[in-house]
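Okay, here's what each chain looks like letter by letter:
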Amino acid sequence: MRLTLATAFALAISPVFSQSGPAGTGEQMVLNSEHNVTSLEGTWSSGSRAVVTGAGFANPVNRTFTFPVNTGVSFSFLNSGFYEIAQYRFFGNGSAPNCITGTTTWEHGTFVILGNASIITTPFGDGFQQVQNPCLATSSFIQSYNYTGLYRSFRIFQDPVDGPKLQIANFDDSPVAPLFLVSATPSMLPTRPLINVTATAAASKRELKKRSAGERAWTSASAGALVLSLVTAAATSIIL
Ligand SMILES: *[C@@H]1O[C@H](CO)[C@@H](O)[C@H](O)[C@H]1NC(C)=O
Ligand SMILES: *[C@@H]1O[C@H](CO)[C@@H](O)[C@H](O)[C@H]1NC(C)=O
Ligand SMILES: *[C@@H]1O[C@H](CO)[C@@H](O)[C@H](O)[C@H]1NC(C)=O
Ligand SMILES: *[C@@H]1O[C@H](CO)[C@@H](O)[C@H](O)[C@H]1NC(C)=O
């Protein structure tokens, strides 16, 4: 392998990809047994393992998060082709040290592993993100999040202390924080869209009718969280 400046830099930031050369240096990454110390199936979490996918992190139906005690990222995979990603991050701002932005992100969907060991994730469309920054006019808001992912490569290593360790590279070959297997049985929300777009449109009409009839908004607890979210969605579509 010829050591160009770019290669040296890539090796410096991502030493684990050096064995068959980081993508982008002209060497071809191939899917082989190095990707298979264990299967991808399970729930993986970075650092302190504070962020874990599943019901303990996000509720897409009413678009709420349970904030973890620490930042981090978590991926879950099912061998049947479903994934879920949870992230809790802070971004500093050099020119305004008090203006730290926090983002909490959740999405799920289906994934495929290509022959060159890249992973493509296709979200269902019900993902969401909360952005918090005390310096913004709106210090906290929630928005839809529907990121179609290209993860250029992945490898699973056996760490002598931490066990299976998953190293994933982003679309630009920057590494995702190393992920450790927290559970071989993945902690995931149901692997289907959890907000029904068609139902939202239907609820929208129903809600409009109720409002024009001067009735109270349908927020009875017994109606369940799904209805609550549909009402919220309906309110949004009325504003739009
Ligand atoms: C969202 O739904 C969960 C589960 O039903 C509930 O515990 C939580 O209180 C709800 N949050 C809001 C803000 O409605
Ligand atoms: C950092 O803060 C400055 C001053 O408040 C602001 O203009 C800028 O957009 C911020 N940058 C980021 C990346 O948040
Ligand atoms: C989310 O992204 C997927 C894949 O790119 C796309 O098929 C889908 O229509 C998107 N959904 C929404 C609600 O934007
Ligand atoms: C693998 O193939 C996909 C689709 O052609 C491409 O987008 C991706 O960059 C490739 N990955 C690598 C590591 O070459």
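Thresholds applied
- Residues numbered from 1 in each chain as written.
- Chains lettered and ligands numbered in written order.
- Predicted model: local features only at pLDDT ≥ 70, side-chain atom pairs only at ≥ 80, totals over all residues.
- Heavy atoms only, no water.
- pLDDT = per-residue confidence, 0-100.
- Contact = heavy atoms within 4.5 Å.
- Near = heavy atom within 4 Å.
- Areas by Shrake-Rupley, 256 points an atom, 1.4 Å probe, with all protein chains shown as cover.
- Helix = DSSP H or I, 4+ residues; strand = E, 2+ residues; numbered from the N terminus.
- Buried < 20%, exposed > 50% of the residue type's maximum accessible area, 1.4 Å probe, protein only.

## Here's the deal with the confidence of the model for the protein chain
Then, in step 1: Chain-level pLDDT for the protein chain is 75 on average; 66% of the residues reach the 70-or-more range.
Then, in step 2: The model gives residues 1-27 a pLDDT under 50, and that stretch makes 35 contacts with residues more than four places away or in other chains.
Then, in step 3: Every residue in residues 198-240 scores below 50 in pLDDT, and together they form 27 contacts with partners more than four places removed in sequence or on other chains.

## A look at the site of ligand 2
Then, in step 1: Near ligand 2 you find Asn-93, Ser-95 and Ala-96, and these make up its full shell.
Then, in step 2: Protein coverage of the free-state accessible area of ligand 2, which is 360 Å², stands at 29%.

## So, unusual backbone geometry
Then, in step 1: Residues other than glycine seldom take positive phi values, yet Arg-63 does so here, at roughly 55°.
Then, in step 2: Within the secondary structure layout, Arg-63 lies in the loop between β2 (58-59) and β3 (64-65).
Then, in step 3: Of the residues examined, Arg-63 reaches a relative accessible area of 26% and is grouped as partly exposed.

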